[in-house]
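Examination of the molecular architecture
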Amino acid sequence: MEIRAAILPATGAALEIAAVELAPPGPGEALVRLAATGVCHSDQNAIDGTAPTRCPAVLGHEGAGTVVETGPGTTLVAAGDRVALSWAPYCGSCEQCLRELPQLCEAAWPAMDAGGLLDGSSRLSRDGGPLYHYSLLSTFAEMAVVPERACVPIAEDVPFEIAGLVGCAVTTGVCAAWRTAGVRPGDRVAVVGCGGVGLSAVMGAAAAGANRIVAVDLSAEKAGAAGAFGATDAVAWQGSAEETADAVRELTGGGVDHAFEATGRPEAMLAAFLATRNHGQAVLMGIAAEDAVLPLPARSIPRMERRVIGSLYGSARPDRDFPVIFDMYRRGRLPLDRLISHRLPLERIGEAFELLRGGHALRAVIDLERGMDDVAA
Ligand SMILES: [Zn+2]
Ligand SMILES: [Zn+2]
């Protein structure tokens, strides 16, 4: 079938809205009519080449919609199901899955890098030429064929735009607090970088009962705005990692138990590390450039029992964790609505990326259900 999609023709190029061909779902796959998709830093990394991505491609990996049709042998979802999409479907049987590390599934990552679905081939094409998937989803489009394991059914009362964000930014931040770090009541927390992922870590830490939550950002305004998500204090970047960490340590009586980093920049990672107290941990979520290195004051690692840990997709198990997040959202414990700062139609996706690059958007959501005329920015 022919669908409308935003195409990245080549690394560094502008996104282009065009008609493309989408083949029917294969075994274990579902055709999903997308309703909403978030615009994420990872998509920007794919556009500018920070994360090498096979092109031409249809980007987008933070979406939700309704299953229209399923391929042969599909058992997990059926036509009519409302679903949130997870960009990290897992096979359940590889060594990493058996180690209960589905976010590191050995079947999903190579397929993702190759730009196909799980069987290595693409359902997308344009004028008979190749067109690749992104993160096994490609949600900057009206429709997508995805692995059934990427689909997590959602209840009627969960808005699609919320479900879409849970598919990436929200889970990455909230579950970093819950699953990777294990924030406990009374813990002290800092979050460096107050975009969608950082604010989600703030919400996750607050819902887990953290006592102090210090939001840190280059922009004093963005750090301050984290108060609406549960942060108790705000620190604007002080000019160096050391000075910034000192400000956090001073506010928290000597440092935090968990310092989350959501920018991918080594100086922010260092600030997170230096903001920890005895036995504290820096939890690194931001994806750094391929050649980035992180020098740390080594002596304090054993002397203070400081730790540095990585968190990929919040160490989440989407089929377990998405429903928990939706439940907490319903009960008002995770104010996810506040993340959405802009709503735009697919035709204006370029503006959504301008807002993201300029640091003006918490989260811009592309509304795929409505046309250009009736979507308010
Ligand atoms: Zn993302
Ligand atoms: Zn696996």
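To keep things clear, this report deals only with the structure shown in the data block. Just so we're clear, the structure is a prediction, and the values are computed from it rather than from any experiment. (Residues numbered from 1 in each chain as written. Chains lettered and ligands numbered in written order. Predicted model: local features only at pLDDT ≥ 70, side-chain atom pairs only at ≥ 80, totals over all residues. Heavy atoms only, no water.)

A closer look at the sheet that holds strand β8 (residues 129-130)
Strand order in the open sheet formed by 5 strands is β4-β1-β2-β7-β8, with antiparallel pairing between adjacent strands. For this open sheet the edge positions go to β4 (57-58) and β8, each flanked by a neighbour on one side alone. Relative to β8, strand β7 (residues 124-126) runs antiparallel, the two sharing 2 bridges. Residue pairing in the sheet places Ser 125 in a bridge with Pro 130 of β8. (Pairing = 2+ DSSP bridges. Helix = DSSP H or I, 4+ residues; strand = E, 2+ residues; numbered from the N terminus.)

Things to note about the coordination of the zinc ion (ligand 1)
Ideal geometry at a metal centre: 109.5 degrees between donors when four sit tetrahedrally, and 90 or 180 degrees when six sit octahedrally. Looking at the metal site, the zinc ion (ligand 1) is ligated by Cys 40 (SG), His 61 (NE2) and Cys 168 (SG), spaced 2.0 to 2.2 Å from it. Sequence spacing among the residues donating to the zinc ion (ligand 1) works out to C-x20-H-x106-C. Note that Cys 40 is positioned in the loop between β3 (29-38) and α1 (41-48) and Cys 168 in helix α4 (residues 160-181), a separation of 128 residues in sequence. Taking relative accessible area as the criterion, Cys 40 reaches 5% and is therefore assigned buried. (Donors = N, O, S within 2.8 Å, 3.2 Å for Na, K, Ca; no water. Buried < 20%, exposed > 50% of the residue type's maximum accessible area, 1.4 Å probe, protein only.)

Some details on the side chain of Asp 257
The residue Asp 257 is located in strand β14 (residues 256-261) in this model. At 3.1 Å, the side chain of Asp 257 and the side chain of Arg 277 are in polar contact. Once residues within four sequence positions are removed from consideration, Asp 257 is found in contact with Asp 187, Arg 188, Arg 277, Gly 280 and Gln 281. (Polar contact = N/O pair within 3.5 Å; in protein donor to acceptor, adjacent residues only side chain to side chain. Contact = heavy atoms within 4.5 Å.)

Some remarks on the packing of aromatic side chains
Summed over the entire model, instances satisfying the criterion amount to 4 aromatic pairs. Pairing Trp 87 with Trp 109 gives two aromatic rings, centres 5.9 Å apart and planes at 85°, and the pair type is edge-to-face. Placement of the pair is Trp 87 in the loop between β6 (82-85) and α2 (95-98) and Trp 109 in helix α3 (residues 108-114), with a sequence separation of 22 residues. Owing to a relative accessible area of 9%, Trp 87 belongs among the buried residues under this scheme. The class for Trp 109 is partly exposed, based on a relative accessible area of 27%. A ring pair is formed by Phe 322 and Phe 326, whose centres lie 6.4 Å apart and whose planes are at 75°; its orientation type is edge-to-face. Of the two residues, Phe 322 and Phe 326 are both situated in helix α10 (residues 318-330); the distance of 4 residues between them amounts to about one turn of the helix. Of the residues examined, Phe 322 reaches a relative accessible area of 0% and is grouped as buried. The exposure class assigned to Phe 326 is buried, which follows from its relative accessible area of 4%. Among the aromatic residues, ring-to-ring pairing joins Trp 87, Trp 109 and Tyr 313 into one connected group. Residue placement shows Arg 82 over the ring face of Phe 160; its charged tip is 4.2 Å from the ring centre. The ring of Tyr 90 carries Arg 149 above its face, with NZ or CZ at 5.9 Å from the centroid. (Phe/Tyr/Trp six-rings, centres within 6.5 Å; stacked < 30°, edge-to-face > 60°. Lys NZ or Arg CZ within 6 Å of the ring centre and 35° of its normal.)

What about the coordination of the zinc ion (ligand 2)?
Only Cys 91 (SG), Cys 94 (SG), Cys 97 (SG) and Cys 105 (SG) from the protein reach the zinc ion (ligand 2) as donors, at distances of 2.3 to 2.4 Å. Metal-centred angles of 105 to 117° between the 4 donor atoms at the zinc ion (ligand 2) mark the site as tetrahedral. Each donor residue of the zinc ion (ligand 2) belongs to the same chain, with the gaps between them written as C-x2-C-x2-C-x7-C. Taken together, the positions of Cys 94 in the loop between β6 and α2 and Cys 105 in the loop between α2 and α3 put the pair 11 residues apart, joining distant regions of the chain. (Tetrahedral: all angles 85-135°; square planar, octahedral: opposite > 155°, others 65-115°.)

Re α10
In this model α10 runs 18 Å from its N-terminal to its C-terminal C-alpha over 13 residues, within 8% of the 18 Å that 1.5 Å per residue would give. Listed in full, the buried residues belonging to α10 are Pro 318, Asp 321, Phe 322, Ile 325, Phe 326, Met 328 and Tyr 329. Here the buried residues of α10 occupy an arc of 165° about the axis, which is enough to place them on one side. Its buried side turned inward, α10 meets β6, β10 (151-153), α4 and α5 (196-207). (Expected span 1.5 Å × (residues − 1). Arc of directions from axis to C-beta.)

Concerning the side chain of Thr 171
Locating Thr 171 in the fold gives a position in helix α4. Discounting chain neighbours no more than four positions away, the residues touching Thr 171 are Leu 165, Val 166, Ala 176, Tyr 313, Gly 314, Ala 316, Phe 322 and Ile 325.

Thoughts on the pattern of salt bridges
A side chain with one charge can pair with a side chain of the opposite charge if their charged atoms come near. By the definition in use, this model includes 18 salt bridges. Close ionic contact of Asp 157 with Arg 330 constitutes a salt bridge, the shortest N to O distance being 2.8 Å. With Asp 157 in the loop between β10 and α4 and Arg 330 in helix α10, this pair connects stretches of sequence that are 173 residues apart. With a relative accessible area of 46%, Asp 157 lands in the partly exposed category. Its relative accessible area of 37% is what places Arg 330 among the partly exposed residues. Its salt-bridge partner being Glu 267, residue Arg 265 comes within 3.0 Å of it at the nearest N-O pair. We classify Arg 265 as partly exposed; its relative accessible area is 38%. Looking at Glu 267, the relative accessible area reads 34%, which means it is partly exposed. Three or more residues joined by partner-sharing salt bridges are found here, namely Asp 157, Asp 327, Arg 330 and Arg 331. (Salt bridge = Lys/Arg side-chain N within 4 Å of Asp/Glu carboxyl O.)

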